[in-house]
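What follows is the residue order along each chain.
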Amino acid sequence: MSGFGHFDRDAQELEREIVRRGIALGIDWNDAAAVRVLAREALACDPACNLEALRSPDLKRRARAELFALAALMLRTMTQSAEFGVHTHGGPVWKALGRALIEEAERRKTEG
């Protein structure tokens, strides 16, 4: 599976950028309830919503939109690697956000 090392590299790069946005926004990645709320907001914000926020002069709003875009890339990376039988994961921030995103996606499916 050495040909799929880019998934690991992508995960590391994405996590680094997620951590940076988290610092700017004051996110406590150990607060599972707060991370779930963040994940819920990320999943609820469609591309049009996020594009508007990315153009905002408000730096916190823009950082939040960038975080949501990074979360979408994170989910895509995990999905694509799984299609090749590769389990992709990063460090603690990746795991906290990934868990919250998956839990919220499942909750949305069941609520429907």
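Small disclaimer: the values here were computed from a predicted structure and weren't measured.

This part is about the pattern of salt bridges. Inspection of every chain in the model, using the stated rule, returns 12 salt bridges. The salt bridge partner of Glu104 is Arg36, with a shortest N-O separation of 2.6 Å. With Glu104 in helix α5 (residues 92-111) and Arg36 in helix α2 (residues 32-44), the pair connects residues that are 68 residues apart, well separated along the chain. The exposure class assigned to Arg36 is partly exposed, which follows from its relative accessible area of 25%. A salt bridge links Arg40 to Glu104; the nearest nitrogen and oxygen atoms lie 2.9 Å apart. Here Arg40, found in helix α2, pairs with Glu104, found in helix α5; they are 64 residues apart in sequence, far enough to count as distant. Salt bridges sharing partners connect three or more residues here, namely Arg36, Arg40, Glu103, Glu104, Arg107 and Glu111.

So, on to the layout of surface pockets. A probe matching the size of a water molecule, rolled over the atoms, marks out where space remains unfilled. By volume, the largest pocket is sized at about 170 Å³. Taken together, Ala42, Leu43, Cys45, Asp46, Pro47, Asn50, Phe68, Ala69, Ala71, Ala72, Leu75 and Leu101 make up the lining of the largest pocket. Among the elements of the structure, α2, α3 (47-54) and α4 (59-83) are those that each provide at least two residues to the lining of the largest pocket. With 5 residues, α4 is the single largest residue contributor to the lining of the largest pocket. Looking at the lining of the largest pocket residue by residue, the classes come out as 10 nonpolar, 1 polar and 1 charged.

Let us now look at the packing of aromatic side chains. Evaluation of the coordinates by the stated rule reveals 1 aromatic pair. Judged by centre distance (6.1 Å) and plane angle (40 degrees), the rings of Phe7 and Phe84 are tilted. Highlighted residues: Phe7 in helix α1 (residues 5-25) and Phe84 in the loop between α4 and α5, separated in sequence by 77 residues. Of the residues examined, Phe84 reaches a relative accessible area of 46% and is grouped as partly exposed.

In this section: the state of the cysteines. For the structure shown, the criterion picks out 1 disulfide. The residue that forms a disulfide with Cys45 is Cys49, at a sulfur-sulfur distance of 2.2 Å. When the S-S torsion is -100 degrees, as for the bridge of Cys45 with Cys49, the disulfide is left-handed. In this structure Cys45 comes out as buried when scored by relative accessible area, which is 15%. Residue class for Cys49 comes out partly exposed when judged on its relative accessible area of 34%.

Thresholds applied
Residues numbered from 1 in each chain as written. Predicted model: local features only at pLDDT ≥ 70, side-chain atom pairs only at ≥ 80, totals over all residues. Heavy atoms only, no water. Salt bridge = Lys/Arg side-chain N within 4 Å of Asp/Glu carboxyl O. Helix = DSSP H or I, 4+ residues; strand = E, 2+ residues; numbered from the N terminus. Buried < 20%, exposed > 50% of the residue type's maximum accessible area, 1.4 Å probe, protein only. 1 Å grid on protein atoms, 1.4 Å probe; cavity = no way out; pocket = protein on both sides within 12 Å on 5 of 7 lines; lining within 4 Å. Points joined across faces, edges and corners; volume = space filled by probe spheres on them. Nonpolar A, V, L, I, M, F, W, Y, C, P; charged D, E, K, R; others polar. Phe/Tyr/Trp six-rings, centres within 6.5 Å; stacked < 30°, edge-to-face > 60°. Disulfide = S-S within 2.5 Å.

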